[in-house]
Amino acid sequence: MRIGLVGYQGCGKSTVFHWLSGCPPDPSARMGQSASVPIPEPRLEQLRQLYQPKKVTPATLDLMDTPGLSRSHEGNAAKLAVIREADCLVLVVAAFDGCDPAAEWRSFEEDLLLADMEVVSGRISRVEASLKKPLPRQEHEQLEHELRALRDVLGALEAGRPLRQKDMTEEQLRVTRAFRLLTEKPRMVFFNTKDSAQVLPQWVEGLPADVPVVAAPAALELELSQLGPEDRAEMTAAYQLEGDLRERILRQMMDAAGWLTFFTVSAKEVRAWLLRKGGTALEAADTIHSDMARGFIRAEVMTVRDLVRLGGEREVRAQNLIRHEPKNYVVQDDDVIYIRFSA
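Residues numbered from 1 in each chain as written. Predicted model: local features only at pLDDT ≥ 70, side-chain atom pairs only at ≥ 80, totals over all residues. Heavy atoms only, no water.

So, on to the overall build of the protein. Of regular secondary structure, the protein possesses 13 helices and twelve strands. When burial is assessed residue by residue, the protein has 46% of its 343 residues classed as buried. Just so you have it, the protein exposes about 17,500 Å², and 49% of that area is on carbon and sulfur atoms. Here the protein holds 44 positive side-chain charges and 51 negative ones, and the gap between their average locations is 6 Å. (Helix = DSSP H or I, 4+ residues; strand = E, 2+ residues; numbered from the N terminus. Buried < 20%, exposed > 50% of the residue type's maximum accessible area, 1.4 Å probe, protein only. Areas by Shrake-Rupley, 256 points an atom, 1.4 Å probe, with all protein chains shown as cover. Lys, Arg positive; Asp, Glu negative; His and termini not counted. Charge placed at Lys NZ, Arg CZ, Asp CG, Glu CD.)

Our focus in this paragraph is the packing of helix α7 (residues 218-225) against helix α8 (residues 229-238). Here α7 crosses α8 at 155 degrees, and the two axes come no closer than 9 Å. Between α7 and α8, the interaxial angle falls into the category roughly antiparallel. Here Leu220, Glu223, Leu224 and Ser225 of α7 lie close against α8, whose contacting residues are Arg232, Met235 and Thr236. Classifying every residue of the contact of α7 with α8 by side-chain character gives three nonpolar, two polar and two charged. (Axes fitted to C-alpha atoms, helices over the stretch in contact; angles between N-to-C directions. Parallel < 35°, antiparallel > 145°, perpendicular 65-115°, else oblique. Contact = heavy atoms within 4.5 Å. Nonpolar A, V, L, I, M, F, W, Y, C, P; charged D, E, K, R; others polar.)

Take the sheet that holds strand β4 (residues 60-65) next. Strand order in the open sheet formed by six strands is β2-β4-β1-β5-β6-β7, and the pairing between neighbours is mixed. In this open sheet, the two strands that pair with only one neighbour each are β2 (33-38) and β7 (213-216). Neighbour-to-neighbour, the strand axes of the sheet open up by a mean angle of 25 degrees, direction not taken into account. Sheet strands touched by helix α1 (residues 13-21): β1 (2-6), β2, β4, β5 (88-95), β6 (187-193) and β7. Its angle to β4, the strand with the most contacts, is close to 160 degrees. Here helix α9 (residues 245-257) sits on the sheet in contact with β1, β2, β4, β5, β6 and β7, set at roughly 160 degrees to β7. (Pairing = 2+ DSSP bridges.)

Time to look at the pattern of salt bridges. Within the structure shown, the criterion is met by 23 salt bridges. When the shortest N-O distance is used, the salt bridge between Glu141 and Arg137 registers 3.2 Å. Here Arg137 and Glu141 lie together in helix α5 (residues 137-158), a separation of four residues that amounts to about one turn. On the accessibility criterion, Glu141 (36% relative accessible area) is partly exposed. (Salt bridge = Lys/Arg side-chain N within 4 Å of Asp/Glu carboxyl O.)

Next up on the list: the nonpolar core. Within soluble globular proteins, side chains that are nonpolar tend to cluster in buried spots. Ranked by size, the top nonpolar core spans 47 residues in total, and within it Ile249 and Met253 carry the most contacts. In terms of residue count, the dominant contributor to this core is α9 (seven residues). Sequence-distant contacts of Ile249, defined by excluding residues within four places in its chain, comprise Trp19, Leu20, Met188, Phe190, Val214 and Ala216. Membership of the second largest hydrophobic core comes to 23 residues, among which are Tyr8, Leu89, Ala115 and Leu207. (Core = buried A, V, L, I, M, F, W, Y, C linked by side-chain atoms within 4.5 Å.)

In this section: the packing of helix α4 (residues 101-131) against α5. Packed helices, taken two at a time, are described by the angle between their axes plus the distance between the axes. Direction vectors running N to C along α4 and α5 enclose 155 degrees, while the axes themselves pass 9 Å from each other. The angle between α4 and α5 places the two elements in the roughly antiparallel class. Between α4 and α5 lies a crossing of left-handed hand. Where α4 abuts α5, its residues Leu113, Asp116, Met117, Val120, Ser121, Arg123, Ile124, Val127, Glu128, Ser130 and Leu131 lie against His140, Leu143, Glu144, Glu146, Leu147, Leu150, Arg151, Val153, Leu154, Leu157 and Glu158. For the contact of α4 with α5, a count of residues per class yields twelve nonpolar, three polar and seven charged. (Left-handed = near helix turned anticlockwise from the far one by under 90°.)

Applying the stated rule across the entire model yields zero disulfides. The closest cysteine sulfur to the non-disulfide-bonded Cys23 is located on Cys11, 17 Å from its own sulfur. Owing to a relative accessible area of 24%, Cys23 belongs among the partly exposed residues under this scheme. (Disulfide = S-S within 2.5 Å.)

Moving on to unusual backbone geometry. Peptide bonds are mostly trans, and most non-glycine residues show a negative phi. With phi around 50 degrees, Arg180 is a residue other than glycine that occupies positive phi space. Along the polypeptide, Arg180 turns up in the loop between α6 (170-176) and β6. We classify Arg180 as partly exposed; its relative accessible area is 27%. Notably, Asp334 is not glycine yet its phi reads approximately 95 degrees, a positive angle. Looking at the element boundaries, Asp334 is found in the loop between β11 (323-325) and β12 (335-341).

Glancing now at the pairing of strand β10 (residues 296-303). Buried residues dominate β10, accounting for six of its eight residues. Bridge count between β10 and β12: seven bridges; the pairing is antiparallel. Paired with Phe296 across the strands is Phe341, a residue of β12. Here three bridges tie β10 to β11, and the two strands are oriented antiparallel to one another.

Moving on, we come to α8. Counting buried positions over the ten residues of α8 gives one, only a small fraction of the element. Once α8 ends, the next one or two residues include Gln240, with phi positive near 55 degrees.

On to the packing of aromatic side chains. Per the stated rule, a full pass over the model turns up three aromatic pairs. With a centroid separation of 6.5 Å and 75 degrees between ring planes, the pair formed by Trp19 and Phe190 is classed as edge-to-face. Linking Trp19 in helix α1 with Phe190 in strand β6, this pair joins segments that are 171 residues apart in sequence. Each member of the pair, Trp19 as well as Phe190, carries the same accessibility label: buried. Ring centres of Phe262 and Trp273 lie 6.4 Å apart, and the angle between their planes is 15 degrees; on these two criteria the pair is classed as stacked. (Phe/Tyr/Trp six-rings, centres within 6.5 Å; stacked < 30°, edge-to-face > 60°.)

Okay, structure coming up:
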């Protein structure tokens, strides 16, 4: 799972990256940098206590810091290209020193539209050029279908309507899939404040209701993270900050990107895994190991909640709370899964 941090120059984006990843920004990384970040997961500790495994492995996300954008929009399309492979965009918005956070995220929406318009219009030009050449009938018809779909997509972008997968036709999704359009991606807004974790109402006025928001003083949190436990606790209380703010934000990023957590357990290893929401037991098996997917027989499923509530796997089995599920079972967050498969 890739999370792309984006924002305008001076918004504190690299400070957010440093705080969340623990990795100092690299000034020589002109196209940005990335870091693998373990996702805080309290249920792993609960499972560790139950199974006492030799190893505990958290799920991780790839956090990408990207080049700062220009508020004039010049050159931003090229800079945004580096995050087309991201699963979710996190816009870091400056909310300090007299900045206008609402104007900033609205300007960012415009940058996304412009970047996608450039990609789609470029493809339209190439398709139009191909249609002027002699082509087999079937290929000509396919290109005409693609051109109609692309023109509809471009029209929506030019009208200032960000794309959402749920609003697009199957044909539009098919012809744009390879473009990884930025306006299609889930997003989240991170208001970078001076000393508060509060989102003010005027900042989010007009922001789509399905875009999650969070506020945090990244520079202060970074400073706190580098203190010893006692000093950190004292300053956290003095500034009335949440002690688990970093952990909560990382989990919010995962949720905003549309992923969930399932678990595998044994005396050897307790492990958290990521799966896209709506993913099946067969996809979960493939996430663990491709051999499990090829030889899939069934999934034996219980929940962390039942394991903790009843005190262990033996008690869960005694209560007949382990389910046998087929390959098309839709995995739920909190599932603990055993994959039965033939080698």
